[in-house]
Amino acid sequence: MTSEDAGRVDDAQPDPAEETVEETETAPAEEADVEDSAAEEDPLAAAQAAIADLEDQLARSRADLYNVSQEYNAYVRRSKADGAAQKQAGIVAVLETLLSVLDDIELARQHDDLNGPAGAIATKVENTLQTNYQLVRFGAVGEPFDPEIHEALMNTPSDVESEQIGTLIQPGYKMGDRVLRPARVGVVSPQ
């Protein structure tokens, strides 16, 4: 045997490292076959497990949808309530701005300076505010004094039975039940 023949003989013998690679490649395939055979052995159990999993996913999806629906409905309710409150706040802000103009109209009327078309327009503005926004002027001499709606700036003792308004310094205004500005008055009280 020559050296060339010896090299050929060595090539013909299998390498032990190659054998272990082949064994490790076939081992996972055998395990997968075992699992597949277990699933093939009991397909009913596998189907029931899949159904249970899908039913659970469906129930969770329905619960999530219900929660989102409830959150949306609550948002809509809050938005409507906030919108109404903002509208009311806007109306109050505009009316409070107009109070000084209404005071001037009333003073001009008391001094008989509001005649002709300007008087008609002023009356129409006051009537419109009263009709549409329930804006009412209050506070008159002789009315009983109510500290919730009147602001007493002075107090004078007199021969009266109960506290009442003796002097109207500045009228008050209400919008419905809400006091926009208390009437500033001088109070007459019993001795």
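An unreviewed UniProt entry lists the chain under the name Protein GrpE, from Flaviflexus equikiangi. Database annotation for the chain, UniProt heading Subcellular location (unreviewed entry): "Cytoplasm".

Q: Break down unusual backbone geometry for me, citing the residues and quoting the values.
A: In this structure, Asp112 is a non-glycine residue whose phi angle is positive, near 60 degrees. In this fold, Asp112 is placed in the loop between α3 (43-110) and α4 (116-133). We classify Asp112 as exposed; its relative accessible area is 57%. Phi is positive for Gln134, which is not a glycine, with a value near 55 degrees.

Q: Quick rundown of the packing of aromatic side chains? Include the residues and the values.
A: According to the stated counting rule, one finds zero aromatic pairs in the structure shown. If you follow Lys174 out to its NZ or CZ, it ends over the ring of Phe138, 5.4 Å from the centre.

Q: Describe the nonpolar core, listing the residues and the values that go with them.
A: In terms of nonpolar packing, the biggest core is built from 12 residues, these being Ile91, Val92, Leu95, Leu99, Leu102, Ile105, Ala122, Leu129, Leu135, Tyr173, Met175 and Leu180. Secondary structure elements with two or more residues in this core: α3, α4 and β4 (172-175). Element by element, the count of residues in this core is highest for α3, at six residues. Contacts of Ile91, omitting those with residues within four sequence positions, involve Tyr133 and Met175. If you look at the next biggest cluster of nonpolar residues, it comprises seven residues, including Phe138, Ile149, Ile165 and Val185.

Q: Could you give an account of the pattern of salt bridges, naming the residues involved and the relevant values?
A: Counted under the stated rule, the structure contains seven salt bridges. For Glu106, the salt bridge identified is with Arg109, shortest N-O distance 3.5 Å. With Glu106 and Arg109 both in helix α3 and three residues apart, the pair spans about one turn of that helix. Residue Glu106 is classed as buried on the basis of its relative accessible area, which comes to 18%. On the basis of relative accessibility, which here comes to 30%, the residue Arg109 falls in the partly exposed class.

Q: Residue-level account of the UniProt feature "coiled-coil region" (unreviewed entry) in the chain, with values.
A: Here the UniProt-annotated "coiled-coil region" (unreviewed entry) positions come out as residues 44-71. Along residues 44-71, the helical share is 100% and the strand share 0%, with 40 Å between the first and last C-alpha atoms.

Q: Help me get a handle on the sheet that holds strand β1 (residues 135-138), residues and values and all.
A: One open sheet holds the three strands; their spatial order is β1-β4-β5, and the pairing between them is antiparallel. Of all strands in the sheet, those with a lone pairing partner are β1 and β5 (178-181), marking the two edges. Between one strand and the next, the sheet's axes are offset by a mean angle of 35 degrees, whatever the strand orientation. Of the strand pairs in this sheet, β4 and β5 are connected by three bridges, and their pairing is antiparallel. In the strand pairing of β5, Lys174 is matched with Val179.

What counts and how
- Residues numbered from 1 in each chain as written.
- Predicted model: local features only at pLDDT ≥ 70, side-chain atom pairs only at ≥ 80, totals over all residues.
- Heavy atoms only, no water.
- UniProt positions renumbered as here; feature names shortened; annotations may be inferred.
- Helix = DSSP H or I, 4+ residues; strand = E, 2+ residues; numbered from the N terminus.
- Buried < 20%, exposed > 50% of the residue type's maximum accessible area, 1.4 Å probe, protein only.
- Phe/Tyr/Trp six-rings, centres within 6.5 Å; stacked < 30°, edge-to-face > 60°.
- Lys NZ or Arg CZ within 6 Å of the ring centre and 35° of its normal.
- Core = buried A, V, L, I, M, F, W, Y, C linked by side-chain atoms within 4.5 Å.
- Contact = heavy atoms within 4.5 Å.
- Salt bridge = Lys/Arg side-chain N within 4 Å of Asp/Glu carboxyl O.
- Pairing = 2+ DSSP bridges.
- Axes fitted to C-alpha atoms, helices over the stretch in contact; angles between N-to-C directions.

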